Amino acid sequence: MARKFLYVIATGTVLVIAALFALRLWSAELTRFVFVPRTEFVEQAALQPNAYEDPDMWFSRPGIGTADPSRWQPSPEDQPEHELPVGGSAANASPLQPPVVESKVETPPFAVFFVHPTSYLDRAHWNAPLDDPESQDRAKIFLQGLASPFDSATEIWAPRYRQATFGAFLVDTPESEKALDAAYHDVEQAFDFFVSSVPKNEPIILAGHSQGALHVIRLLKEKVAGTPLANRIIAAYPVGWPISSQHDLPSLGLPACEEPEQTGCLLTWSSFAEPADPGMVMERYAKSLGFDGEPRADSTIVCVNPLTGKLGGNAPASVNLGTLVPDKDLKNGKLVTGMVPARCDDQGLLLIGDPPDLGPYVLPGNNYHVYDIPLFWQNVKNDVETRARAWGRAQ
């Protein structure tokens, strides 16, 4: 499984390669021509009310066993030699890496709801059919790389949903908005079933990447903020989607995480190597409307540093406990310590220094969007466990 995961995450499929090279080499107009559907938006029939009772509607959920993609972990021989172990001595920790405090408090049972990113690149439909084999297989691969740091959870739930196609993110049209809205309603239905299925007093984590993060953010606004469910949130990790501190965050019901043991808070970041050219991202961001109805304009993006678990700040590569890196033969991989630093800049983007060699699939402008979580795989894993234990102590 490890070999399959790292091979695909590094090389992708032919369509993934085509998408990334189109963004790198072609004009925006030609990229939109290739990936944006030219068909009319077709309203999706609503899923059956009990659709998510069917185990086949989930990539990850209790009972799947070894076939669960979110439960993938690097093999023991791929673990870094100098990793700071969970539960290790605080005296050995870097001053910027939160010390691991010796405690008799065990990690409490908790459940994770994880929404995978865009894996459908076809322009035949605005929303992916659930029986499309390529996008479904690709989604499993993404979960292996992105949801695996949450493996300490008692339960991980990751739904299948009729995601908006890749091209929907290249235009701002009524069709693209309808596609995203349709995808969200599937996720919303899955989330309602998830909440009804986990024990009523069990804490939860919401997480997702890219399109998945967008849907998690909307869940926070519409299903969590101002409800009793908010009291059960260990943390939310909507990574790889810009959240305006001014125009979005106040509507989400959770503050940005300012300390590594804080709970009931939110962590997000968007990774760029230097020199960074985020022009394409920031132009779209500036024109979009925040949850308060105002243009996001040049408002600061929320950036919680994944190496420290703190809002903003700068951390050297020495506190990076493990980046998930594919080998050069693209058939295996390992965790490498100290590979990249992390610094939140004035805009709220996360800068990682010189471009690391993780493969050729970096987006224009040194955008490491594809690797937002693998860049900090071990630190994210530790962060999840630290906040879960802190939530348990608070009870």
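Definitions and limits used
Residues numbered from 1 in each chain as written. Predicted model: local features only at pLDDT ≥ 70, side-chain atom pairs only at ≥ 80, totals over all residues. Heavy atoms only, no water. Helix = DSSP H or I, 4+ residues; strand = E, 2+ residues; numbered from the N terminus. Buried < 20%, exposed > 50% of the residue type's maximum accessible area, 1.4 Å probe, protein only. Contact = heavy atoms within 4.5 Å. Areas by Shrake-Rupley, 256 points an atom, 1.4 Å probe, with all protein chains shown as cover. pLDDT = per-residue confidence, 0-100. Salt bridge = Lys/Arg side-chain N within 4 Å of Asp/Glu carboxyl O. Pairing = 2+ DSSP bridges.

Draft legend 1. Seen up close, the overall build of the chain. Along the backbone of the chain there are eight helices and 14 strands. Relative to its 395 residues, the chain shows a buried fraction of 55%. Long-range contacts, defined as pairs at least 24 residues apart, comprise 77% of the intrachain contacts of the chain with a sequence gap of at least 6. Per element, the accessible surface of the chain, about 16,700 Å² overall, is 54% carbon and sulfur.

Draft legend 2. Quick peek at the confidence of the model for the chain. The predicted model of the chain averages 86 in pLDDT, with 82% of residues at 70 or higher. Confidence drops under pLDDT 50 across residues 1–15; counting only partners more than four residues distant or on other chains, this segment forms 34 contacts.

Draft legend 3. A look at the pattern of salt bridges. Under the counting rule described, the total for this entry stands at 12 salt bridges. Linking Lys223 and Glu188 is a salt bridge whose minimum nitrogen-to-oxygen distance equals 3.8 Å. Pair noted here: Lys223 is in helix 6 (residues 211–224) and Glu188 is in helix 5 (residues 174–197), with a separation of 35 residues, a long-range link. Among the charged side chains, a network of salt bridges with common partners joins Asp181, Arg218 and Glu222.

Draft legend 4. Seen up close, the sheet that holds strand 10 (residues 314–315). Strand order across the open sheet formed by four strands is 7-14-13-10, with mixed pairing between neighbours. The open sheet is flanked by strand 7 (271–272) and strand 10, the only strands paired with a single partner. Bridge analysis of strand 10 against strand 13 (residues 342–344) gives two bridges, and the strand direction is antiparallel. Bridged to Ala315 within strand 13 is Ala342.

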